[in-house]
Each structure stands twice: as structure tokens, then as C-alpha cells.
Amino acid sequence: MSTRIPSTLEPMSEQVTDHSSTDPSDRHHDQKEGPDHKDDDPAHGHSYMVHRHRDVTGGTVRAAVFGVSDGLVSNVALILGVAAAASTRSNVLVAGVAGLLAGSASMAAGEYVSMKAQAELVERELAIEKRSIAKQPEMETRELAAIYRKRGADAETAKRMAEQVHQNPEIALDVHAREELGVDPDETGNPAAAAISSFFAFAIGAMIPLFPWFFSEGNAAVIASSVLGLIAASTVGAVLARFTERSMLRTAGRQVGWAVAACAVTWVIGSWLGAVV
């Protein structure tokens, strides 16, 4: 019996059904509920996935996570470094607020510029691919068939799959973008959203170690900043571990370790500067 290799355009639900039990009660769950059932209609934007995945390419969540982590570590290190130089409470507050604002603006600008440049690069490559599909459909079909052969399909099946994909230019562009560029043309990210997310996330992270200095000073404020920084760093690590399903202890320990290392360096340098300046 020959092995059937599913086409790129076939829904995942059909692939799963091919390997399911022959029990009619099992097949009942794969049937559509009625003529108004649109969950399996590609025209309505559904992706035929067996299970859902988190968005790992959009950029907004990534910007928020990095923003909180960067704001926390950079500002707690800055605050402790300035405090170690025997600076007054007002000096620490000025340095902390300046670090918060400068860091937030820098993170937002950098996030926007980098994501915008990436999106423009993807758009350029998509335009090149779209022109090539329109002007050289046969060559692009052979190219896609070669990709399918590398993925394990035999020559006849790969050719048939590629030809079926190229029956619709829009689908062909989408498939070539995924196979050649490794991108989803519909999910290039939102630079503005990522920049805003990064700005506020950095500000939140930077505010945590600065907060005690609004109400106290000296060793009490230093200790409070350090404790809040460690708690916040471990919390960020725990949240990351929850989303990535990694070891919570290891991820939180990594976050705390880097924060402690940064604070130790700035504390030593600040103490040295306070003694010689």
C-alpha cells in the first residue's frame, strides 16, 4: 500500500482524521456541525491547527518582557552605583528618573526602528517574490517542488503539490514566503505597538528600584531598592518560565544572577568614584 503524502493546502483536520480510529463515534467529532459552521473555512481566517500556539513573532510581548527586565536591571544598577558614591537622596532621584526616561525613550525608539526596518525588508523580499511568481511561474513551481523533495516528498508528489499551490498566486506567495524566507507575510509585527509596549514596560521596571527613594534615603533606601530589585527580577524569571514551560527555579535564578552581577559592578565602581572624586 502506498503512503499518501498530504498536500500543503489540505486542512490539518483532514490529516488528523486519516490517522484516527475507524469508530464512527470518533469520526463524529471531526464532522462539521452544520452549514453555518465556519471554524474550518480558510476564508474566515482559521488556520486548521491541531492546537494553538502563542504569538512568538509579533514583537509586542517580546518588547514588553525585555523592557521590564532591562528597565529593572539597568536602573537598579544605576541607583545603587550612584548611592555607593555617597550621593544625596536628591542626586539618586535625579539619576534614577533620568535613567527611567532616557532608557524608556531609547528602548521605544530602538524597538520601533528595528521592527520597522525588518518589516520593510520583508516587504521588499515579498515584492521580489511576487514579481518572480508573476513573470516566471514555471521556475518558481520547480523551485517549490525542489523544496518539497528536500522535505521528503517524492518527485511526482512534490511536483503535484507545487502545481496545486501555484494555481492561486496569493497562496503561492504565502507559501514561498514561509518556505524561502521563513516568515508569515501576514504577521510582520507592529512597530508602533512594540515601541509603546517597550516604553511603558521599561518605565515600570525602572520605577521599581526607584520607588523607595521617594520616601527614604541612605542605607534604608539602598536595602529597599536591592530587595525590590531581587523580588522583581525573580518574578520576571518566574513569568518567563511559566510562558516557556522551563524550570522556574533556573529561569528566575538566571534573572536574579544577572541583576546581582550588574549591581555589584556598578556598586564597586560607584564606591571607587566616591572615594577618589
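Just above, that's the structure.
These figures come from a predicted structure and were not determined experimentally.

About the criteria used
- Residues numbered from 1 in each chain as written.
- Predicted model: local features only at pLDDT ≥ 70, side-chain atom pairs only at ≥ 80, totals over all residues.
- Heavy atoms only, no water.
- Helix = DSSP H or I, 4+ residues; strand = E, 2+ residues; numbered from the N terminus.
- Buried < 20%, exposed > 50% of the residue type's maximum accessible area, 1.4 Å probe, protein only.
- Polar contact = N/O pair within 3.5 Å; in protein donor to acceptor, adjacent residues only side chain to side chain.
- Contact = heavy atoms within 4.5 Å.
- Core = buried A, V, L, I, M, F, W, Y, C linked by side-chain atoms within 4.5 Å.
- Axes fitted to C-alpha atoms, helices over the stretch in contact; angles between N-to-C directions.
- Parallel < 35°, antiparallel > 145°, perpendicular 65-115°, else oblique.
- Left-handed = near helix turned anticlockwise from the far one by under 90°.
- Nonpolar A, V, L, I, M, F, W, Y, C, P; charged D, E, K, R; others polar.
- Arc of directions from axis to C-beta.

Draft legend 1. Representation of the side chain of Ser 225 in the model. Mapped onto the elements of the fold, Ser 225 is located in helix α9 (residues 218-244). Here Ser 225 falls in the buried class, since its relative accessible area comes to 0%. Polar contacts involving the side chain of Ser 225 include one to the side chain of Trp 213, which spans 2.9 Å. With residues near it in sequence (within four places) discarded, Ser 225 still touches Val 76, Ile 79, Leu 80, Pro 209, Pro 212 and Trp 213.

Draft legend 2. Molecular detail of the nonpolar core. Counting residues in hydrophobic clusters, the biggest one holds 16 residues, and the most contacted among them are Leu 126, Leu 144, Tyr 148, Ala 158, Val 165 and Val 175. Elements represented by at least two residues in this core include exactly α4 (89-135), α5 (137-150), α6 (155-165) and α7 (169-181). Contact partners of Leu 144, with chain neighbours within four places excluded, come to Ala 162, Val 165, His 166, Val 175, His 176 and Glu 179. Residues Ala 77, Ile 79, Ala 83 and Ala 221 belong to the second largest nonpolar core, which totals 14 residues.

Draft legend 3. Representation of the packing of α5 against α7. The geometry of α5 relative to α7 is characterised by a closest axis approach of 11 Å and an angle of 50 degrees between their N-to-C directions. In terms of orientation, α5 lies oblique with respect to α7. In terms of crossing hand, the pair formed by α5 and α7 is left-handed. Contacts between α5 and α7 involve Glu 140, Glu 143, Leu 144, Ile 147 and Tyr 148 from the first element and Val 175, His 176, Glu 179 and Glu 180 from the second. When grouped by side-chain class, the residues that make up the contact of α5 with α7 number 4 nonpolar, 1 polar and 4 charged.

Draft legend 4. Looking closely at α6. Listed as buried for α6 are Thr 157, Ala 158, Met 161, Ala 162 and Val 165. Along the axis of α6, the buried positions cluster into a sector of 130 degrees, meaning they face one direction only. Among the exposed residues of α6, those oriented more than 90 degrees off its buried face are Glu 156 and Lys 159. Buried residues along α6 sit against α5 and α7.

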